[in-house]
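The primary structure of each chain is shown beneath.
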Amino acid sequence: MSAKDAPPPLPEPLLVEVADSHTHLDLQSGTVEEALVKAAAVGVTTVVQVGCDVKGSRWAAETAAAHEHVHAAVALHPNEAPRIVLGDPDGWSRQGAREGGGDAALDEALTEIDRLAALPYVRGVGETGLDFFRTGPEGIAAQERSFRAHIEIAKRHGKALVIHDREAHADVLRVLDEEGAPERTVFHCYSGDAAMAEICAAKGYYMSFAGNVTFKNAQHLRDALAVAPLELVLVETDAPFLTPAPYRGRPNAPYLIPVTLRAMAQVRGIAENEMAEAIAVNTARAFGY
């Protein structure tokens, strides 16, 4: 194993227990149990496992059912919706090459997400939203239709809405305004600037910061974090992606939350424990556990 593939070392434990508000245990190496034990050892005692397609959402729900400190979020990722409708000839989504199934196939998948969203240990509907980075103009209609359906599902079941917003800030905010956002809405891996953070704050949207808040080129994220109301701030790994500095490029996992949280406390100019206490309360409130 090269140094680049080696898991980073365990950070100093947090003194206040917190939650990883967004992780993908199904994409990480090792077992769920190993990941949870390692995370708990550094004070990360709760995780929200997020599904990105029907299969992953079923897995998230089953995993949450089996583990007291795992909560599930279920959804079709914004990039999954166009693949269901138009097809995925290159098998990019790890499900092999797929034929397009049109709107009927999207409806069928959404029906299954709706069924899963009703389960008690499913605390969120997401990650849903818009992604204009990965999907071209031909996929926008399917993305938006799927996003609107997820908003309706979240509201009907009283669950948190978990937003994936990549290079689509204005459109994500527009759709939320048009549909009426659920009571609890979380911008996962917050990617906007300070001006957008002020819009989110005014609407009571939670902003969840990932390891990229530590990246040299991410001053806009630190500026956003500086102005976001403390009661609306969450922390996440989005593991195995977005590993915080100084481990960027190596595999991420929930046990690395303390690295990001400490960087966040520095940006805010507050003590680590104060940051952790706020995040622990906020995450429980956002996901209703």
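All values reported here derive from a predicted model rather than from experimental measurement.

Regarding the overall build of the chain
Next, step 1: Within the chain, the regular secondary structure consists of ten helices and ten strands.
Next, step 2: The C-alpha atoms of the chain give a radius of gyration of 18 Å, which matches the 19 Å a tight globule of 289 residues would have.
Next, step 3: If you line up the chain on its principal axes, its C-alpha atoms span 50 × 45 × 35 Å.
Next, step 4: Intrachain contacts of the chain at a sequence separation of at least 6 include 71% that bridge at least 24 residues.
Next, step 5: Carbon and sulfur atoms form 54% of the exposed surface of the chain, whose accessible area is close to 11900 Å².
Next, step 6: Looking at the chain, you have 26 positive and 40 negative side-chain charges, and the mean spots of the two groups are 2 Å apart.

Focus: the environment of glutamate 178
Next, step 1: Looking at the secondary structure, you find glutamate 178 in helix 6 (residues 169–179).
Next, step 2: Here glutamate 178 falls in the partly exposed class, since its relative accessible area comes to 47%.
Next, step 3: Glutamate 178 sits 30 residues away from arginine 148 along the chain, and the two C-alpha atoms are 9.2 Å apart.

Brief notes about the packing of helix 5 (residues 140–157) against helix 6
Next, step 1: Contact pair helix 5 / helix 6: the axes reach a minimum separation of 11 Å and the direction vectors enclose 45°. Between helix 5 and helix 6, the interaxial angle falls into the category oblique. The handedness of the crossing between helix 5 and helix 6 comes out as right-handed. Contacts between helix 5 and helix 6 pair Glu144, Phe147, Arg148, Ile151 and Lys155 from the former with Val172, Arg174, Val175, Leu176, Glu178 and Glu179 from the latter.
Next, step 2: Across the contact of helix 5 with helix 6, the residue classes tally to five nonpolar, no polar and six charged.

Some thoughts on the nonpolar core
Next, step 1: Membership of the largest hydrophobic core comes to 85 residues, with the highest contact counts inside it found for Phe147, Leu176, Phe187, Tyr190, Phe209 and Met264.
Next, step 2: Those residues in contact with leucine 176 that sit more than four places away from it in its chain are Phe147, Ile151, Leu161, Ile163, Ala181, Thr185, Phe187 and Tyr205.

Description of the packing of aromatic side chains
Next, step 1: By the definition in use, this model includes two aromatic pairs.
Next, step 2: For the pair tyrosine 190 and phenylalanine 209, a centre-to-centre distance of 5.5 Å together with 45° between the ring planes defines the contact as tilted. Pair noted here: tyrosine 190 is in the loop between strand 8 (185–187) and helix 7 (194–203) and phenylalanine 209 is in strand 9 (residues 206–209), with a separation of 19 residues, a long-range link.
Next, step 3: With a relative accessible area of 1%, tyrosine 190 lands in the buried category.
Next, step 4: We classify phenylalanine 209 as buried; its relative accessible area is 1%.

Overview of helix 8 (residues 219–227)
Next, step 1: Every buried residue of helix 8 is listed here: Leu221, Arg222, Ala224 and Leu225. When helix 8 is viewed along its axis, its buried side chains cluster within an angular range of 160° and face the same direction.
Next, step 2: Looking at the buried side of helix 8, the elements it contacts are helix 7, strand 9, strand 10 (233–235) and helix 9 (257–268).

Regarding the pattern of salt bridges
Next, step 1: In total, this model carries 17 salt bridges according to the counting rule given.
Next, step 2: With its nearest N and O atoms 2.9 Å apart, the salt bridge here joins arginine 58 to glutamate 112. One end of the pair, arginine 58, is in helix 2 (residues 54–66); the other, glutamate 112, is in helix 4 (residues 102–117), and 54 residues separate them in sequence.
Next, step 3: Taking the relative accessible area as the measure of exposure, glutamate 112 reaches 13% and is therefore buried.
Next, step 4: Taking the shortest distance from any N to any O, the salt bridge between glutamate 80 and arginine 98 comes out at 2.9 Å. Here arginine 98 lies in strand 5 (residues 98–99) and glutamate 80 lies in helix 3 (residues 80–86), a separation of 18 residues in the sequence. Judged on exposure class, the residue glutamate 80 and its partner arginine 98 are both buried.
Next, step 5: Bridged by salt links that share partners, the residues Glu144, Arg148, Asp171, Arg174, Glu178 and Glu179 form one connected network.

Section: the environment of glutamate 17
Next, step 1: Residue position: glutamate 17 is located in the segment before strand 1 (18–23).
Next, step 2: With a relative accessible area of 53%, glutamate 17 lands in the exposed category.
Next, step 3: Taking the C-alpha atoms as reference points, glutamate 17 and alanine 170, separated by 153 residues in sequence, lie 35 Å from one another.
Next, step 4: Residues contacting glutamate 17, with those up to four places away along its chain left out, are Gly43, Thr45 and Ala280.

Here's the deal with the sheet that holds strand 3 (residues 70–74)
Next, step 1: The parallel open sheet is built from eight strands, whose spatial order is 1-2-3-6-7-8-9-10. Edge strands, defined here as strands with exactly one partner in the open sheet, are strand 1 and strand 10. Neighbour-to-neighbour, the strand axes of this sheet turn through a mean angle of 30°, independent of strand direction.

What counts and what doesn't
- Residues numbered from 1 in each chain as written.
- Predicted model: local features only at pLDDT ≥ 70, side-chain atom pairs only at ≥ 80, totals over all residues.
- Heavy atoms only, no water.
- Helix = DSSP H or I, 4+ residues; strand = E, 2+ residues; numbered from the N terminus.
- Rg over C-alpha atoms; globule rule 2.2 N^0.38 Å.
- Contact = heavy atoms within 4.5 Å.
- Areas by Shrake-Rupley, 256 points an atom, 1.4 Å probe, with all protein chains shown as cover.
- Lys, Arg positive; Asp, Glu negative; His and termini not counted.
- Charge placed at Lys NZ, Arg CZ, Asp CG, Glu CD.
- Buried < 20%, exposed > 50% of the residue type's maximum accessible area, 1.4 Å probe, protein only.
- Axes fitted to C-alpha atoms, helices over the stretch in contact; angles between N-to-C directions.
- Parallel < 35°, antiparallel > 145°, perpendicular 65-115°, else oblique.
- Left-handed = near helix turned anticlockwise from the far one by under 90°.
- Nonpolar A, V, L, I, M, F, W, Y, C, P; charged D, E, K, R; others polar.
- Core = buried A, V, L, I, M, F, W, Y, C linked by side-chain atoms within 4.5 Å.
- Phe/Tyr/Trp six-rings, centres within 6.5 Å; stacked < 30°, edge-to-face > 60°.
- Arc of directions from axis to C-beta.
- Salt bridge = Lys/Arg side-chain N within 4 Å of Asp/Glu carboxyl O.
- Pairing = 2+ DSSP bridges.

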